[in-house]
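# Structure assessment
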Amino acid sequence: MTLAPPLRVRARRPPPRRVARAPAPPSLAPRPDPFPGTLSPVSSFIGGFAAQEVLKAATSKFTPLRQFLYWDAAEALPACRPTEADCAPRNDRYDGTRAVIGDAALSRLRKGKYFVVGAGALGCEWLKQLALLGAATDGGCVHVTDMDSIERSNLNRQFLFRPGDVGKAKSSCAAEK
């Protein structure tokens, strides 16, 4: 008795379907932002606050805030109100900040001298916010001081540091970045 050779089955892939994409409806088409002004520290505060309230509600460990939140930061605005020309966009990364505080205050922010004490969890956040605002980018400087060195336990909450930085001084490592 002879056995027949095994059957060879070739699977064919179906040809890829070409689907024409319909244009986006007018309601979803990109529109200019009606409120172009943003301040990164304010955005961070609102994002952190919202995340904290979501965690409270999800874990049921603490009671979420059940009242109206009023946060006033008028002292962050310049004393003299900037003109419309002063707030006009210049097509750079600081347009959002310029729309809120004006070009004169932004140039003072960029030429300022800053001293940050501590490059730990809060110091890293301060340095990030200063960088996002463009502080000390036009002739100014940021001085960072911290007597501590980076430990492995710092890496989960201090985003400036990486595993290769363990053992280095926090202030010098933060200044390099």
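### Focus on helix H1 (residues 40-59)
- For H1, spanning 20 residues, the distance from its first C-alpha to its last is 28 Å, which sits close to the expected 28 Å at 1.5 Å a residue.
- Within the sequence span of H1, burial applies to Ser40, Glu53 and Lys56.
- In the core, the buried residues of H1 are packed alongside helix H3 (121-133).
- Positive phi appears at Ser60, one or two residues downstream of H1, with a value of about 60 degrees.

### Remarks on the environment of Ser149
- Mapped onto the elements of the fold, Ser149 is located in the loop between strand S2 (141-145) and helix H4 (170-176).
- C-alpha separation for the pair Ser149 and Ser172, spaced 23 residues apart in sequence, amounts to 9.6 Å.
- Beyond its immediate stretch of four places on either side in the chain, Ser149 contacts Asn154, Gly167, Lys168, Ala169 and Lys170.

### Things to note about a nonpolar patch on the surface
- Together, Phe45, Ile46, Leu65, Leu69 and Trp71 make up a nonpolar patch on the protein surface, roughly 440 Å² of accessible area in all.
- One can find Ile46 in helix H1.

### Remarks on the pattern of salt bridges
- One pass over the full model with this rule turns up nine salt bridges.
- In this structure, Lys170 engages Asp148 in a salt bridge whose closest nitrogen and oxygen atoms are separated by 3.3 Å. One end of the pair, Lys170, is in helix H4; the other, Asp148, is in the loop between S2 and H4, with 22 residues separating them in the sequence.
- Classification of Lys170 by relative accessible area gives buried; the value is 4%.
- For Asp165, the salt bridge identified is with Lys177, shortest N-O distance 2.7 Å. With Asp165 in the loop between S2 and H4 and Lys177 in the segment after H4, this pair connects stretches of sequence that are twelve residues apart.
- The class for Asp165 is buried, based on a relative accessible area of 7%.
- Classification of Lys177 as partly exposed rests on a relative accessible area of 49%.
- A single salt-bridge network, built from bridges that share partners, covers Arg90, Asp92, Asp95, Arg98 and Asp103.

### Structural notes on the side chain of Ser40
- By secondary structure assignment, the location of Ser40 is in helix H1.
- Under the relative-accessibility criterion, Ser40 is labelled buried at 16%.
- Of the polar contacts made by the side chain of Ser40, one reaches the side chain of Gln129; its length is 3.0 Å.
- When near neighbours in sequence (up to four residues on either side) are disregarded, Ser40 contacts Gln129, Leu132 and Leu133.

Rules and cut-offs
Residues numbered from 1 in each chain as written. Predicted model: local features only at pLDDT ≥ 70, side-chain atom pairs only at ≥ 80, totals over all residues. Heavy atoms only, no water. Helix = DSSP H or I, 4+ residues; strand = E, 2+ residues; numbered from the N terminus. Expected span 1.5 Å × (residues − 1). Buried < 20%, exposed > 50% of the residue type's maximum accessible area, 1.4 Å probe, protein only. Contact = heavy atoms within 4.5 Å. Patch = residues over 30% accessible without salt bridge, like charges linked within 9 Å, V, L, I, M, F, W, Y side chains within 5 Å. Areas by Shrake-Rupley, 256 points an atom, 1.4 Å probe, with all protein chains shown as cover. Salt bridge = Lys/Arg side-chain N within 4 Å of Asp/Glu carboxyl O. Polar contact = N/O pair within 3.5 Å; in protein donor to acceptor, adjacent residues only side chain to side chain.

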